[in-house]
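Results of the structural survey
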Amino acid sequence: MEAPLISQIIKIRRILHDIPELSGKEAVTAETIIGFLKTLSPKKIITQLGGHGVMAVFEGHLPGTVLLFRAELDAVPIASHRKDSGSSEKQMAAHLCGHDGHIAILLGLAALINQQPLARGRVALLFQPAEETGQGAQAVLNDPRFSEIVPDFVFAFHNLPGFPLKQVVINSGNFTSASIGARIRYLGRSSHAAEPKKGKSPLNALAKLIMRINKLPAKISSANSSTFATITHIQSGAESFGINPGDAMMMITLRADSDENLAALQLQCEDLAYCLAKPDGLDVKIEYADYFPATIHQTEAVQLVLKAAKNLGMKASPPKKPFCWSEDFGYFTKKFKGALIGLGAGTVHPALHSTDYVFPDELISPAAELLHKICTEALA
């Protein structure tokens with residue numbers, strides 16, 4: 001990418017960084033993207049796709065392969081602690097996962113396609129809402145207008161702190177884990193703190209659940225798998241010294257290396273929760289949210305990425321094992337041949353979702369060029 005274009009894309013990235021919007025609320029982010037896309041003359045721009053999603057479609061004069069590339073719109077519900085000019089202006093929302101950078105990369109690809117129009121085939125650039133909650137991909141796929149695009153290959157990408165800057169990280173098969181959030185509620189009966197026997201406190205069951213929940217995955221994990229539970233929130237009773245609590249709630253994230261192992265972990269978690277509630281006569285209510293399927297790569301898509309990286313002189317290597325974090329791009333790889341491309345953000349770069357994270361702008365140009373090379377290879 002030429003220097004003036006890179007500067008323009010970086011400016012847009014920083015604008016997006018300063019207007020972070022949470023999942024399902026990405027209206028201003030979408031409008032900013034649409035404004036830039038209109039200057040690039042795509043064949044079609046579809047808006048409000050699966051929510052605030054935007055899809056720009058570029059077409060060649062001849063029929064050919066159909067490609068889809070996806071970036072995410074939403075910020076995470078964390079307040080950034082950075083005080084420099086790149087810090088977010090909104091509270092409890094910040095681009096601490098790099099989605100602002102991912103958008104910039106995809107806009108860079110749009111600009112490169114505009115400079116070198118397609119001779120054949122179609123390329124759809126999807127700016128997807130609500131990735132962080134696991135709802136956006138399914139909403140886009142369910143939108144009837146998405147059926148206008150039947151991709152032969154789908155690609156997404158994610159920056160990876162801890163890997164050398166610009167390194168491509170990819171493998172065939174499982175790339176990211178399946179996960180789901182479980183909200184377990186114990187319902188008993190409150191009483192005066194001086195008369196605990198007149199109530200049904202959930203704290204005994206809750207304490208046992210805390211101690212035993214992390215032992216469940218050992219029953220279904222193997223030496224090469226990553227299956228575990230993470231307690232993320234606990235709440236019980238009121239802030240009072242005079243009340244013996246009658247209710248408790250725990251939020252747990254369940255993760256597994258496959259959809260099948262995740263389903264098994266869910267059943268074990270439910271069985272344990274109900275078993276621990278019985279001695280104290282507690283009612284149990286379990287709700288699930290934020291489901292992410294495992295992202296499974298198809299070899300044919302991976303080979304396109306590796307060939308493009310090699311032709312650009314970019315180093316590529318597989319991860320040592322599938323990543324434990326989750327991505328709703330798995331909904332796409334269930335339906336179409338595709339891959340989620342890891343892009344090194346620097347070996348000493350702050351971690352994703354940490355309060356001092358900021359996307360490395362020097363990754364934008366090589367990443368956009370990699371995606372453009374995938375296009376030229378696939379459409380040749």
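Shown above is the structure to which this text applies.
All figures in this text were calculated on a predicted structure; none of them were measured in a lab. (Residues numbered from 1 in each chain as written. Predicted model: local features only at pLDDT ≥ 70, side-chain atom pairs only at ≥ 80, totals over all residues. Heavy atoms only, no water.)

**Quick notes on the sheet that holds strand β10 (residues 228–236)**
So the rule is basically this: Strand pairing follows a simple DSSP-based rule, namely that at least 2 bridges must link the two strands. For helices the rule is a DSSP run of H or I covering at least 4 residues; for strands it is a run of E covering at least 2, with both sets numbered from the N terminus onward. Geometry is summarised by axes, namely lines fitted to C-alpha atoms with helices restricted to the contacting stretch, and by angles between N-to-C directions that run from 0 to 180 degrees.
An order of β10-β12-β8-β13 is seen for the four strands of this open sheet, with the pairing classed as antiparallel. Of all strands in the sheet, those bounded by a partner on one side alone are β10 and β13 (283–292). Strand-to-strand twist of the sheet, defined as the mean angle between neighbouring strand axes without regard to direction, takes the value 15°. Judged from the eight bridges that link them, strand β8 (residues 178–187) and β13 form a sheet pairing that is antiparallel. Bridge pairing in β13 links Arg-185 to Lys-285.

**Some remarks on the pattern of salt bridges**
To keep it simple, the criterion reads: By convention in these notes, a salt bridge is any Lys or Arg side-chain nitrogen within 4 Å of a carboxyl oxygen on Asp or Glu. For the exposure calls, accessible area comes from a 1.4 Å probe over protein chains only, and a residue counts as buried if that area is under 20% of its type's maximum, exposed if over 50%, partly exposed in between.
This structure, assessed with the given rule, holds 15 salt bridges. As a salt-bridge pair, Asp-361 and Arg-14 come within 2.8 Å of each other at their nearest N and O atoms. Highlighted residues: Asp-361 in the loop between β16 (338–344) and α9 (364–379) and Arg-14 in helix α1 (residues 3–17), separated in sequence by 347 residues. Assessed through its relative accessible area of 11%, Asp-361 is described here as buried.

**Concerning a nonpolar patch on the surface**
Test applied: Residues enter patches when they are more than 30% accessible in relative terms and free of salt bridges; like-charged ones are connected within 9 Å and nonpolar ones (Val, Leu, Ile, Met, Phe, Trp, Tyr) within 5 Å. Per-residue accessibility takes into account occlusion by the displayed protein chains alone, with areas from the Shrake-Rupley method and a 1.4 Å probe.
A surface patch of nonpolar side chains, amounting to about 270 Å² of accessible area, comprises Ile-210, Met-211 and Ile-234. Its place among the elements puts Ile-210 in helix α5 (residues 203–212).

**A word on the environment of Gln-303**
Turning to its location among the elements, Gln-303 is positioned in helix α7 (residues 299–311). Look at Gln-303 and you get partly exposed, because its relative accessible area is 45%. Along the primary structure Gln-303 and Ala-139 are separated by 164 residues, whereas in three dimensions their C-alpha atoms are 29 Å apart.

**Overview of the packing of helix α3 (residues 99–115) against α9**
Spelled out, the test is: Put simply, angles under 35 degrees are roughly parallel, angles over 145 are roughly antiparallel, angles from 65 to 115 are roughly perpendicular, and the rest are oblique. Note on convention: near helix rotated counterclockwise from far helix by under a right angle means a left-handed crossing. Clockwise means right-handed. Here, two residues are considered to be in contact whenever any of their heavy atoms come within 4.5 Å of each other.
Contact pair α3 / α9: the axes reach a minimum separation of 8 Å and the direction vectors enclose 50°. Viewed along their axes, α3 and α9 adopt a mutual orientation that is oblique. The two elements α3 and α9 meet at a crossing, and its hand is right-handed. Of α9, the residues touching α3 (which contributes Ala-104, Ile-105, Leu-106, Gly-108, Leu-109, Leu-112 and Ile-113) are Ile-364, Ala-367, Ala-368, Glu-369, Leu-371, His-372 and Cys-375.

**Brief notes about the environment of Gly-281**
Counting through the fold element by element, Gly-281 comes out in the loop between α6 (259–277) and β13. The exposure class assigned to Gly-281 is partly exposed, which follows from its relative accessible area of 36%. Through-space distance from the C-alpha of Gly-281 to that of Tyr-186 is 9.8 Å; in sequence the pair is 95 residues apart.

**Some remarks on the pairing of strand β4 (residues 120–128)**
Burial analysis of β4 places seven of its nine residues in the buried class, the great majority of the element. Sheet analysis places strand β2 (residues 53–59) next to β4, joined by six bridges and oriented antiparallel. Each residue of the ladder has a partner; that of Met-55, found in β4, is Leu-126.

**Let's talk about the nonpolar core**
Our working rule: In this text, buried Ala, Val, Leu, Ile, Met, Phe, Trp, Tyr and Cys residues form a nonpolar core when linked through side-chain atoms within 4.5 Å.
Among the nonpolar cores identified, the biggest contains 65 residues, and Phe-69, Phe-127, Phe-155 and Ile-341 are the most heavily contacted of them. Considering every element that reaches this core, the biggest residue donor is α3, with 10 residues. Setting aside anything within four residues of it in sequence, one finds Phe-155 in contact with Leu-67, Leu-68, Phe-69, Arg-70, Ala-301, Leu-304, Val-305, Phe-329, Ala-339, Ile-341 and Ile-374. Of all hydrophobic cores here, the second largest spans 26 residues; its members include Leu-265, Ala-273, Ala-277 and Val-284.

**Looking at the packing of α7 against α9**
Packed helices, taken two at a time, are described by the angle between their axes plus the distance between the axes. To keep things clear, this is the line we draw: Charged residues are taken to be Asp, Glu, Lys and Arg, nonpolar residues to be Ala, Val, Leu, Ile, Met, Phe, Trp, Tyr, Cys and Pro, and polar residues to be all remaining types, Gly included.
The contact between α7 and α9 brings their axes to 9 Å, and the two run at 115°. Taken as a pair, α7 and α9 cross one another with a handedness that is right-handed. Of α9, the residues touching α7 (which contributes Leu-304, Val-305, Lys-307, Ala-308, Ala-309 and Asn-311) are Leu-370, Lys-373, Ile-374, Glu-377 and Ala-378. Here the residues of the contact of α7 with α9 sort into seven nonpolar, one polar and three charged.

**Concerning the packing of aromatic side chains**
For any pair of aromatic rings, the description rests on two quantities: the centre-to-centre distance and the angle between the ring planes. What counts here: Centres within 6.5 Å are what make two rings of Phe, Tyr or Trp a pair, Trp counting through its six-membered ring; a difference in plane orientation under 30 degrees is then read as stacked, over 60 as edge-to-face, and the rest as tilted.
Following the criterion strictly, the structure yields nine aromatic pairs and no others. Aromatic pair Phe-175 and Phe-323: ring centres 5.2 Å apart, planes at 70°, arrangement edge-to-face. In this pair, Phe-175 sits in strand β7 (residues 173–176) while Phe-323 sits in the loop between β15 (316–317) and α8 (330–335), placing the two residues 148 residues apart along the sequence. Among the residues examined, Phe-175 registers a relative accessible area of 1% and is labelled buried. What makes Phe-323 buried here is its relative accessible area of 13%. In this structure an aromatic cluster arises from ring pairing among Phe-146, Phe-329, Phe-332 and Phe-336.

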